[in-house]
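Given next are the chains, with one letter for each unit.
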Amino acid sequence: MQSPTQPKTQSTIDLSFQTYTKPAQADLTEAELRVQLAAAYRLVARFGMSDLIYTHISVRLPGDEPTFLINPFGLMFHEITASSLVKIDVDGNILEDNGYPVNPAGFVIHSAIHMARHEVGCVMHTHSRYGMAVSMLECGLLPVSQFSLQFHNRVAYHHYEGLALDLGERDRLIADLGDKPVMILHNHGLLTAGATVPEAFYLLYYLEKSCEVQITAQSAGVPLIYPSEAVCDRTVQQYGWNNVGELEWAALTRLLDREDPSYRD
């Protein structure tokens, strides 16, 4: 035991915001990715971002040819398990038939991104309350909160074309998304494209929180305070965008495991 007269061992706080080393998604097995994706569906439901049986989340599987897992059409997000996820390719072929169909709009949106952005491991799309509200505003997402500043100059926008059932829309989605990690689909909802499932969920959670805070502030009907461009740029750099979501993901999966670990089935 250290005596009171001995100097205490000191450590230095790391002032970089994100320091966790994330595992490469390519190193995960399909079974591990199924569990992560099922957890993501449960978390989206738990935080009130689901829409009955609609919207979708996908994860890209390892391999030279782009194949991905997506939700079985007809199940609500809180019902989804690792084994119920459907494996498809970018041509719409169901590679392992488990008896569930796939939402055709989900196929169009997710196949587009997985074909064009090979560094993207997970795509999440929602019709959430505040995300849809901001998608209807001409101003889009504003740099007015600490939440939204991490997305400063990192948000893409895509004009509404009706239900995403036209394969021709894939090219326009990709052109509008570019190299951005998040996109607001006008009159429609939110989309995030992360290197990993934890990253994509982190982006979605805080994009939705950014929209919620903005709509709440705008409802006051008074002018908003805008940080300077220099502060906006500095805040983005402080966030770092390296390894985001990993620490949060570990805590979130512990939460799921305490409440209902059936997503792992």
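Draft legend 1. Examining the sheet that holds strand β7 (residues 182–185) more closely. In space, the eight strands of this open sheet follow the order β4-β3-β2-β1-β5-β8-β7-β6, with mixed pairing throughout. Strands at the two margins of the open sheet, each flanked by one partner only, are β4 (94–96) and β6 (155–158). With direction set aside, neighbouring strand axes in the sheet form an average angle of 25°. Note that strand β2 (residues 67–70) and strand β3 (residues 86–89) share four bridges and pair antiparallel. Across the sheet, I70 pairs through a bridge with V86, a residue of β3. The sheet contacts of helix α1 (residues 30–46) involve β1 (56–60), β2, β3, β4 and β5 (122–126), and relative to β1 the element is tilted by about 160°. Packing against the sheet, helix α2 (residues 104–116) makes contact with β1, β2, β3, β5 and β8 (189–194), and its axis sits at approximately 35° to β1.

Draft legend 2. Representation of the packing of α1 against helix α8 (residues 246–259). Two elements in contact, α1 and α8, have axes separated by 11 Å at closest approach and are oriented at 80°. It follows from the interaxial angle that α1 and α8 lie roughly perpendicular. From α1, Q36, A39, A40, R42, L43 and R46 reach across to α8, where they touch W249, L252, T253, L255, L256 and E259.

Draft legend 3. Fine view of the side chain of S58. Along the polypeptide, S58 turns up in strand β1. Judged by relative accessible area, which is 0%, S58 ranks as buried. Among the polar contacts listed, one links the side chain of S58 to the side chain of H114, at a separation of 2.7 Å. Those residues within four positions of S58 in sequence are excluded, and the remaining contacts are L37, F68, L69, I70, H110, H114, G121, C122 and V123.

Draft legend 4. Region of interest: the packing of aromatic side chains. In total, this model carries nine aromatic pairs according to the counting rule given. Geometrically, the ring pair formed by F147 and Y206 is tilted, given 5.3 Å between the ring centres and 55° between the ring planes. Residue F147 is found in helix α4 (residues 146–149), and its partner Y206 is found in helix α6 (residues 197–218); the two are separated by 59 residues along the sequence. Residue F147 is classed as partly exposed on the basis of its relative accessible area, which comes to 28%. Here the aromatic cluster, defined as three or more aromatic residues joined through ring pairs, consists of F47, F147, F201, Y202, Y205, Y206 and W249. For the cation-ring pair, R46 lies above F47, with the distance from its terminal atom to the ring centre recorded as 5.7 Å.

Draft legend 5. Highlighting α6. The terminal C-alpha atoms of α6 lie 32 Å apart, and with 22 residues this matches the ideal 32 Å at 1.5 Å per residue to within 8%. The N-cap residue of α6 is T196: its side-chain oxygen and the backbone nitrogen of E199 are 3.1 Å apart.

How each quantity is defined
Residues numbered from 1 in each chain as written. Predicted model: local features only at pLDDT ≥ 70, side-chain atom pairs only at ≥ 80, totals over all residues. Heavy atoms only, no water. Pairing = 2+ DSSP bridges. Helix = DSSP H or I, 4+ residues; strand = E, 2+ residues; numbered from the N terminus. Axes fitted to C-alpha atoms, helices over the stretch in contact; angles between N-to-C directions. Contact = heavy atoms within 4.5 Å. Parallel < 35°, antiparallel > 145°, perpendicular 65-115°, else oblique. Buried < 20%, exposed > 50% of the residue type's maximum accessible area, 1.4 Å probe, protein only. Polar contact = N/O pair within 3.5 Å; in protein donor to acceptor, adjacent residues only side chain to side chain. Phe/Tyr/Trp six-rings, centres within 6.5 Å; stacked < 30°, edge-to-face > 60°. Lys NZ or Arg CZ within 6 Å of the ring centre and 35° of its normal. Expected span 1.5 Å × (residues − 1).

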